[in-house]
Every structure is written in structure tokens, then in C-alpha cells.
Amino acid sequence: MSQLPLFPPAAMTVAELTRYLRELLESDYTLRDLWVQGEISNFSRPSSGHVYFTLKDSSASLRCVMWRNAAMRQARMPAEGEAVEVHGFISIYEVSGQYQLYADVIRPVGEGLLFQEFLRLKARLEAEGLFDPERKRPLPRWPERIGVVTSPSGAAIRDILNTLGRRYPLAEVILAPTPVQGVEAPPGIISALQELNRRVKPDVILVARGGGSLEDLWAFNDEGVVRAIAASLAPVITGIGHETDFTLSDFAADLRAPTPTAAAELATPNQADLRADLTEQILRLVRAAGTTLDAQRWVLNSLKNRLSLISPQSRLRSDRQRLDEFIHRSETALAHCMEMEHTRLNSLSQYLESLNPMAVLQRGFAIVAREDGQRVYSTSQVKPGDFLTIRVSDGDFSAEAN
Amino acid sequence: MTESSQTSGDLNTPIEKMTYEQVFSALEAAVTALETEKLSLDEAMLLFERGQTLLRRCLDLLDKAELKVRLLSGDELADFTPQA
């Protein structure tokens, strides 16, 4: 038994030791980045959003925590008792002195193997040219018949029909029902594609499935399914799983949509756009017709002007004008004549007036007439004793000659 | 591509038999002709009337359209109503 040194080293505090251990663990290359396999137990997700669970196997257990951000990126959370592989790093939670796994990815056991297989098949089909961009066909602008390969009861068909009904109700949808997961899925999808192409000849085919685990979507990585999509006569749009899910079917398709809804959207025009197009056509139509009419009106107008210059109407008008002139001139002439006549008549009447015997009588002369009415011009016509009538300006009287 | 969409805009097809795509491209053709071609007034008016008819047909098709859904089952196409 060694003796205690005279001056023993100062004791570490718990915090110092814990920090020392933590730094030791965190600097270990293996513990910084590792996958651990086990069964989920004591799974809990309090309102903070962080996820706590214990990873167990037959003889040991490991405390695990997954922060909220990482948990939100997780496509799905494992169930209690599920065998999983967890990725993360090992460190110490200083408060309780507990070492634990800080997890960022949880995946079902076997997914790693599936992924290897996925990559191998992808490389093989790629080398074969199945995914070549030149193979991609253009999609019809306005599909009349849309084939849909999916489950008749899933969320995918509902989303697709809702979207198509809203955007493009002009289309006819032919649903080729098939299981989309499990062992019946690959042969079902293959025969649905073949039947659609053979019997319906749609303008485009949507191959769709709602979200799920990588295993759920596995049918769409089946080599037969991928080849059937590549061989389809009608162009194929895939909408499988979520945004982040990629299957080999997606690579073989003419277009890959992130979701079933997006597949329906990519397959069809929006009727709001169609109506906007129509409005534009209306405007163009009216404008073009207006332009034609205006041009026609202009031509018509100039023709009218030319016509009015050469028309008999216009000659008539100038004749009419000459006539008016004649009338005017003759009227003037007539008036002149009348005036002359007037003057002449006037002097004539003055002359006549001068010849009026009554005027002479007024000047004091008288007209003498015999009883037999004969005027007396000469003394020879009168004998003494004759009764004479003497006419003066205002009447007459009798007289006896002597 | 279906056979019908290749014959779009065929003047001899009665409007009622045309798909939306065909009616619309006929409309586009009429409008373009009206805009770019030197037409007599009679031709222009005819084209304008045809444009109007095609337009009405397009709107009619859109207004009355209801998505037809059928199920490929057995030897024939059956009506299909999705579960709510």
C-alpha cells in the first residue's frame, strides 16, 4: 500500500471531470460520426419538439436525443420496438453525467442495404441508357385522355382528381388501379401501364403514390416497373412520395413531379390560363376586325369623295347653279323692265292728265253745247234764241244766245 | 399524341365535334388571318363571325366541362367515383 503523498494533488471538481470526459469522447474519430443499430424504446417527444429515446439490444442500452430541427427533417418517426439504425455522435450530457447519442438520422434496419441495391440498379440502368435525357418525350399541351396508375383508394388519386378537376376538367381520366406497395405492387404497376397503353392510348400517364417510408416506395425501384415506364408509348409523369423522395421510376419517367398533385399540375394547363388566353384572342379578334373595318371605311370614304366629284348629281348641282343664275338675271332684268315701264306709264299718265278736258274747265274754260248735243266750236253754229248748255268744271247751266 | 389533335383547325370539322384544342387553334388561326392577311370585307366579316363562334364554343366547353373519370377494369371502362 503506497502512502498518500504529503501534498496530494488538488481534487478535480465533478464539472472538470465531466468536461474532460466530454472532450475526450468528442475528439474520438469513431464516436464523432457513427451508425448504431438497435431497437427503439422509451420514445418520447415533448412539446419542445426534441425527441428522446433509448436504443436497446439484448444486453445493452444507449440514451439518444434528436434535436427538434433534425426531428423535423425526418420523413417519419420510428415506432416503439422498431429496429432502426441511428446516425449521430456520442457526447456527454453534463448535468446528469450521462453519455448519449446525439442523433440526426433514424432509418429502419435494412434501409442501408436497400440503398446499396438501389445504387447498383441505378448504375446498371443508367449505363444501359434508360435514363438518357434524349429519351424524354415532350408532353402534350392539352391532353384529352390522362391515364393514372395508382391505388384507387389512396390519397394520391384523390389529390390527382381534385387537381385535374380544378385545373382542366376538359380531360378524361382513365384510372388503372393497382396496389402501390408490397409484393403485388410491381406486377400490378407493370400491367396497369401495359393495359393503358394497349387499350386506352392516353395522351399522358401519371404514375403516382402518396408519401411513405423508403420501403413503402420500394415498388417504384423495381427493375420491371422502371423498364415498363421507359417502354410506355404515352409519356409518363411520376409523382411518387414527397419532394425529397427519388425512385428509379422518377429517373425513367419523361418528367418527375415531387408529389401526385404536382404530377397532375404538370400534366395539364390551368383553365384560368386558358380563359386568359381566350380573353386575349377576343381582344385580338375585335382589334383586327376593327382595323379591317376602319381600313374599309377609309377606302369607302375616299371612294365617296371621288364619286361625288364625278357624279351626275354634282353636274346637276352645277346646272342648277347656272339655272339659279339665269333666274336671278332674268328677275333683275324683269325688274328693270318693270321700272322702265313704270316711268313710261307715269309720264304717259301725266300726258293724259294734261289732255283731260276737265283740267281745262278748271282753268276757267267752258264747253258749250247745243240742244242737240253738238259742241259749239264756231259762232256759225249758233243763232240768236238758241238754248245752249254751258259746262264748267263743277257742273253745267243753260243760257240763251242773242 | 392522338390522331385528332394532328388535324386540329380543320375547317371541315363541325365545331361541335372538335376538341377544345382544335377549337382554340382554329380560333387562333382565324385571329391571325384577320390580323395579317389582306382580306375583303366580306371575308373579314365571315372570319370575325367564325372567330366569335369559336370563342363562344371555347368558353362553353370550359364552363360545362366536368372531369370524366373511368376505371380500367376487366374488359371495359367502368365509372369511377373516388371515396371521399
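Residues numbered from 1 in each chain as written. Chains lettered and ligands numbered in written order. Predicted model: local features only at pLDDT ≥ 70, side-chain atom pairs only at ≥ 80, totals over all residues.

Draft legend 1. Molecular detail of the overall build of chain A. Across its full length, chain A carries 12 helices and 13 strands. Every one of the 402 residues in chain A was classed for burial, and the buried ones make up 24%. Long-range pairs, those at least 24 residues apart, make up 61% of the contacts in chain A with a sequence separation of at least 6. (Helix = DSSP H or I, 4+ residues; strand = E, 2+ residues; numbered from the N terminus. Buried ≥ 20, exposed ≤ 12 C-beta atoms within 10 Å, placed from the backbone. Contact = placed C-beta atoms within 7 Å.)

Draft legend 2. The arrangement of the overall build of chain B in detail. When helices and strands are counted, chain B shows 2 helices and 2 strands. For chain B, the N- to C-terminal ordering of α and β elements is α-α-β-β. Once local pairs closer than 6 in sequence are excluded, the contacts in chain B between residues at least 24 apart make up 35%.

Draft legend 3. Inspection of the sheet that holds strand 1 (residues 68-73) of chain B at higher detail. Pairing within the open sheet is mixed, and its 7 strands lie in the order 10(A)-9(A)-8(A)-6(A)-7(A)-1(B)-2(B). Looking along the sheet, the strands with just one partner apiece sit at the ends: strand 10 (255-257) of chain A together with strand 2 (76-79) of chain B. Pairwise comparison of adjacent strand axes, ignoring direction, gives a mean angle of 25° for this sheet. One ladder, built from 3 bridges, connects strand 9 (residues 236-240) of chain A with strand 10 of chain A; its direction is parallel. When the sheet's bridge partners are listed, Ile237 of chain A is paired in strand 10 of chain A with Leu255 of chain A. Together, strand 6 (145-150), strand 7 (172-177) and strand 8 (204-209) of chain A together with strand 1 of chain B form the strand contacts of helix 5 (residues 155-167) of chain A, whose direction differs from that of strand 6 of chain A by roughly 165°. Together, strand 6, strand 7 and strand 8 of chain A together with strand 1 of chain B form the strand contacts of helix 6 (residues 185-200) of chain A, whose direction differs from that of strand 6 of chain A by roughly 165°. (Pairing = 2+ DSSP bridges. Axes fitted to C-alpha atoms, helices over the stretch in contact; angles between N-to-C directions.)

Draft legend 4. Broad picture of the pairing of strand 12 (residues 387-392) of chain A. All names here are of chain A. One ladder, built from 4 bridges, connects strand 11 (residues 367-370) with strand 12; its direction is antiparallel. Looking at the pairing, Val368 lines up with Ile390 of strand 12. The antiparallel hairpin formed by strand 12 and strand 13 (residues 395-400) contains 2 residues in its connecting segment.

Draft legend 5. Expanded view of the interface of chain B and chain A. Chain B puts 32 residues into the contact, and the matching count from chain A is 36 residues. Of all the secondary-structure elements, those providing two or more residues to the side of chain B that touches chain A are helix 1 (20-36), helix 2 (41-64) and strand 1 of chain B. The leading source of residues in the side of chain B that touches chain A is helix 2 of chain B, at 9 residues. Taken together, the residues of the side of chain B that touches chain A sort by class into 22 nonpolar, 4 polar and 6 charged. In the sheet, strand 7 of chain A pairs with strand 1 of chain B via 4 bridges, with the strands oriented parallel. (Nonpolar A, V, L, I, M, F, W, Y, C, P; charged D, E, K, R; others polar.)

Draft legend 6. Here's a closer look at the confidence of the model for chain B. For chain B, the average pLDDT comes to 78, and 81% of its residues sit at 70 or higher. Here the predicted complex scores 0.58 on pTM and 0.71 on ipTM. (pLDDT = per-residue confidence, 0-100.)

Draft legend 7. A look at the packing of helix 1 of chain B against helix 2 of chain B. Residue and element names in this part refer to chain B. Axis separation between helix 1 and helix 2 bottoms out at 9 Å; the angle between their running directions is 150°. For the element pair helix 1 / helix 2, the angle class is roughly antiparallel. Of the two possible hands of crossing, helix 1 and helix 2 adopt the one that is left-handed. Taken together, the residues of helix 2 that come into contact with helix 1 (itself represented by Tyr20, Val23, Phe24, Ala26, Leu27, Ala30, Val31, Ala33 and Leu34) are Ala44, Leu47, Phe48, Arg50, Gly51, Leu54, Leu55, Arg57, Cys58 and Leu61. Per-class residue counts for the contact of helix 1 with helix 2 are 16 nonpolar, 1 polar and 2 charged. (Parallel < 35°, antiparallel > 145°, perpendicular 65-115°, else oblique. Left-handed = near helix turned anticlockwise from the far one by under 90°.)

Draft legend 8. Expanded view of the nonpolar core. Membership of the largest hydrophobic core comes to 67 residues, with the highest contact counts inside it found for Val148, Val149, Leu206 and Ile229 of chain A. The leading source of residues in this core is helix 1 of chain B, at 8 residues. Setting aside chain neighbours within four positions, we find Val149 of chain A in contact with Ala176, Thr178, Ile189, Ala192, Leu193, Leu196, Ile205, Leu206 and Val207 of chain A. Judged by nonpolar contacts, the second largest core, of 11 residues, contains Cys64, Val84, Val86 and Leu101 of chain A. (Core = buried A, V, L, I, M, F, W, Y, C linked by C-beta atoms within 7 Å.)

Draft legend 9. Spotlight on the sheet that holds strand 5 (residues 98-108) of chain A. All names here are of chain A. The strand order 1-2-3-5-4 describes a closed barrel built from 5 strands, whose pairing is mixed. The mean inter-strand angle of the sheet, taken between neighbouring strand axes irrespective of direction, is 55°. Bridging between strand 1 (residues 34-44) and strand 4 (residues 83-93) involves 6 bridges; their strand directions are antiparallel. Within the sheet, the bridge partner assigned to Val36 lies in strand 4 and is Val86.

Draft legend 10. Up close: helix 9 (residues 260-267) of chain A. Residues and elements named next belong to chain A. With 6 of 8 residues buried, helix 9 is to be regarded as a mostly interior element. Three or more residues of helix 9 are buried, namely Pro260, Thr261, Ala263, Ala264, Glu265 and Ala267. In this structure, the buried residues of helix 9 make contact with strand 6, helix 5, strand 8, strand 9 and strand 10.

Draft legend 11. Inspection of helix 5 of chain A at higher detail. Residue and element names in this part refer to chain A. Taking 1.5 Å as the rise per residue, helix 5 with 13 residues should run 18 Å; its terminal C-alpha atoms sit 18 Å apart, in good agreement. All of the buried residues along helix 5 are Ala156, Ile157, Asp159, Ile160, Thr163, Leu164 and Arg167. Taken down its axis, helix 5 places every buried residue within 160° of arc, on the same side. Buried residues along helix 5 sit in contact with strand 6, strand 7, strand 8, helix 9 and helix 10 (271-310). (Expected span 1.5 Å × (residues − 1). Arc of directions from axis to C-beta.)

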